[in-house]
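Spelled out, the chains give:
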Amino acid sequence: MSGQTPQPWGPQDRPQSQNGPQSGAPQSEGPQSPQPETGRPQAPGRMPPRFDVPEEQTYQSDSGLWLMGQPPEPPQGLQPGRPGRPGDGNAGRAGGASLFEAHRRFVLIGVGLCVVIAVWVGLGMVIGGLLDPYFPDGAPVWVTLAVSGVPLYCVAMPLSMLVFARVPVLKVRQFPLDVRRFLTMLAVCFPIMMAGNLIGSGLSKIISGGTATNRINDLIANGDIWVNALFMVLIAPFFEEWMFRRQLIDRTRRYGERTSIALSAFAFALFHMNLFQFFYAFGIGLVFGYVYMRTGRLRYSVAMHMILNTNGALVAPLVMSLAGDQTSRIAEGTMTEQEMMAAAQANPGIIGVLLYSFALMAVAVGGVVLLARNWRSIEFYDPPERLPGWQGVRIAFLNPAMIVYTVLTIVLGLWQMGILTFG
């Protein structure tokens, strides 16, 4: 089987000689390869369900190359012993110097995120103010998107790299994701998006007293299909995945895969500065982060992001337009069954809207089933410098820079929703 390509996220039978000592060979008392955290006992001679292959997963630590199965001497500040699993006493046990360095690096991550928001919002307000006299009746959608996008992608994100570059990247091997598993992960995103959208919309109405509107939906509804395709389907997914998956995960994964994925998703959700989007952005951010963590390739999360944005920015508005003047009532779910049937007889386009809604619901149900079936196959591996439990949460999420980023994005989000006013 040594010549076969290992398949991720499925049980793999491996000969004992590939993953352990051969029969009669003396066992080494040195550090052992880390075990995946699936929570299931493993039968002798059988590898656990895989998303990638541990003996080929490469981590690059400060002390040099660390190939799972052949770890070098632990980095300075780590206790000797196998990298291990959470709670075994050897995973992520660091001295004061290592904890200080971890804290410093997460602060730099938070500072870089603050730079993105401050420069993006600041430049956008300046440019928008300069252009206001030229559009007394309101700027067209393409101008609004350009005023937002150009400062973000051409100035704010590049400037943030001056800060992020001070945090070293942890290099890993890359693995492919076949079509079946790609579609599985994509399907999982749909129920997450639906549930997150319901939570975000409900909380927004409660907090604002029903006055807040989703500005993204307004831009999509009033925009040209080609403008939406350019900014929301092509440009935004690439830059956002490059920032929140590649830059954040590559620079924080050394301190724990769970921590890195959660931080990436949390920062991504706050970045939208929109309570309507926060919960589903966090949910799909977890999925994107996990896919990137297990493959090391940005193309998969970018493709998923583009597909989801295509549905939200292009397909959904096109289908909803078939309902004519009943679009808003259907979207809000305020039509009774009798009203829906009568409207469908008067306007056959509403049947298309209903079929589209049923299709989305079917995909969402399928996503829930697939997630439940594969839940125990989700795996995480311990890098050499993993910060365990509460220690990782405190250093990653509760450092001063991340607190400032969190407060800044929340305040700006409430301001854009019209809940907070200044002056």
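Since this is a predicted model, take the numbers as computed values, not measurements.

> Go over the overall build of the chain, please, and point to the residues and values.
Summing up its helical and strand segments, the chain has 14 helices and four strands in all. Of the contacts made within the chain by residues no fewer than 6 positions apart, 79% connect residues no fewer than 24 positions apart. Within the structure as shown, the chain displays about 20,700 Å² of accessible surface, and the carbon and sulfur contribution to it stands at 64%.

> Let's hear about the packing of helix H8 (residues 275-295) against helix H9 (residues 298-320): which residues, and what values?
Between H8 and H9, whose axes approach to 8 Å, the crossing angle comes to 155°. Taken together, the axes of H8 and H9 are roughly antiparallel relative to one another. Two packed elements cross with a definite hand, and for H8 against H9 that hand is right-handed. In this structure, H8 uses Ile 284, Phe 288, Val 291, Tyr 292 and Thr 295 to contact H9, whose residues at the interface are Leu 298, Tyr 300, Ser 301, Met 304, His 305 and Leu 308. Of the residues that constitute the contact of H8 with H9, the class distribution is eight nonpolar, three polar and no charged.

> Give me the packing of aromatic side chains: which residues, what numbers.
For the structure on display, the rule yields 10 aromatic pairs. Taken together, a centroid distance of 5.8 Å and an interplanar angle of 65° make the contact between Phe 266 and Phe 397 edge-to-face. Here Phe 397 lies in helix H13 (residues 389-397) and Phe 266 lies in helix H7 (residues 257-271), a separation of 131 residues in the sequence. Just as Phe 266 is buried, Phe 397 falls in that class too. Three or more aromatic residues joined by ring pairs make a cluster, and in this case those are Trp 120, Phe 244, Phe 268 and Phe 271. In this arrangement the basic side chain of Arg 245 is found over the ring face of Phe 268, its NZ or CZ atom lying 4.6 Å from the centre.

> Kindly report on the pattern of salt bridges, identifying the contributing residues and their values.
For the coordinates displayed, the defined rule picks out eight salt bridges. Arg 254 is paired through a salt bridge with Glu 385; the nearest N and O atoms lie 3.0 Å apart. Of this pair, Arg 254 sits in the loop between helix H6 (225-252) and H7 while Glu 385 is found in the loop between helix H12 (349-374) and H13, placing the two residues 131 residues apart along the sequence. Assessed through its relative accessible area of 2%, Arg 254 is described here as buried. Looking at Glu 385, the relative accessible area reads 10%, which means it is buried. One network of salt bridges, with partners in common, ties together Glu 101, Arg 104 and Arg 105.

> Any details on the nonpolar core? Residues and values, ideally.
Judged by nonpolar contacts, the single largest core of 78 residues is most densely connected at Leu 113, Phe 244, Phe 271 and Tyr 405. In this structure, Tyr 405 is in contact with Gly 110, Leu 113, Cys 114, Ile 117, Phe 244, Ala 267, Leu 270 and Phe 271, ignoring residues within four places of it in sequence. In this structure, Val 141, Leu 145, Ile 220 and Ala 313 belong to the second largest nonpolar core, which totals seven residues.

> So what's going on with a nonpolar patch on the surface? Which residues, and what values?
Where nonpolar side chains cluster on the molecular surface, the patch consists of Met 125, Ile 199, Leu 203, Ile 206, Ile 207, Trp 415, Ile 419, Leu 420 and Phe 422 and spans about 830 Å² of accessible area. It is helix H4 (residues 179-208) that provides the largest number of residues to the nonpolar patch, a total of four residues. As for its placement among the helices and strands, Ile 199 is situated in helix H4.

> I'd like a rundown of unusual backbone geometry, residues and numbers included.
Phi at Met 273 is positive, roughly 50°, even though this residue is not glycine. Here Met 273 lies in the loop between H7 and H8.

> I'd like a rundown of the confidence of the model for the chain, residues and numbers included.
Averaged over every residue, the pLDDT of the chain is 79; residues scoring 70 or more account for 74%. A low-confidence stretch, residues 1-58 (pLDDT under 50), is modelled with 119 contacts involving residues beyond four sequence positions or located in other chains. Per-residue pLDDT stays below 50 along residues 60-93; that stretch engages in 97 contacts with residues further than four places along the chain or on separate chains.

> So, H9: which residues are in play, and what are the values?
Between its terminal C-alpha atoms H9 stretches 32 Å, which fits the 33 Å expected from 23 residues at 1.5 Å a residue. By the largest-angle criterion, Asn 311 marks the main kink of H9, which is about 35°.

> How would you summarise the packing of H4 against H9 if you had to cite specific residues and measurements?
Where H4 contacts H9, the two axes come as close as 11 Å, and the packing angle between them is 45°. On the basis of their axis angle, the class for H4 and H9 is oblique. Regarding H4 and H9, the two cross each other, and that crossing is right-handed. Counting all contacts with H4, which are made through Phe 182, Met 185, Leu 186, Cys 189, Phe 190 and Met 193, the residues of H9 involved are Tyr 300, Ala 303, Met 304, Ile 307, Leu 308 and Asn 311.

> Account for the environment of Val 404, with residues named and values stated.
Along the chain, Val 404 turns up in helix H14 (residues 400-416). Taking the C-alpha atoms as reference points, Val 404 and Gly 110, separated by 294 residues in sequence, lie 7.9 Å from one another.

> How would you sum up the side chain of Asn 399? Please name residues and give values.
As for its placement among the helices and strands, Asn 399 is situated in the loop between H13 and H14. A relative accessible area of 0% means that Asn 399 is categorised as buried. Side-chain polar atoms of Asn 399 contact the backbone nitrogen of Ala 401, separated by 3.2 Å.

What counts, and where the lines are drawn
Residues numbered from 1 in each chain as written. Predicted model: local features only at pLDDT ≥ 70, side-chain atom pairs only at ≥ 80, totals over all residues. Heavy atoms only, no water. Helix = DSSP H or I, 4+ residues; strand = E, 2+ residues; numbered from the N terminus. Contact = heavy atoms within 4.5 Å. Areas by Shrake-Rupley, 256 points an atom, 1.4 Å probe, with all protein chains shown as cover. Axes fitted to C-alpha atoms, helices over the stretch in contact; angles between N-to-C directions. Parallel < 35°, antiparallel > 145°, perpendicular 65-115°, else oblique. Left-handed = near helix turned anticlockwise from the far one by under 90°. Nonpolar A, V, L, I, M, F, W, Y, C, P; charged D, E, K, R; others polar. Phe/Tyr/Trp six-rings, centres within 6.5 Å; stacked < 30°, edge-to-face > 60°. Buried < 20%, exposed > 50% of the residue type's maximum accessible area, 1.4 Å probe, protein only. Lys NZ or Arg CZ within 6 Å of the ring centre and 35° of its normal. Salt bridge = Lys/Arg side-chain N within 4 Å of Asp/Glu carboxyl O. Core = buried A, V, L, I, M, F, W, Y, C linked by side-chain atoms within 4.5 Å. Patch = residues over 30% accessible without salt bridge, like charges linked within 9 Å, V, L, I, M, F, W, Y side chains within 5 Å. pLDDT = per-residue confidence, 0-100. Expected span 1.5 Å × (residues − 1). Bend = angle between axes of the 7 residues up to and from the residue. Polar contact = N/O pair within 3.5 Å; in protein donor to acceptor, adjacent residues only side chain to side chain.

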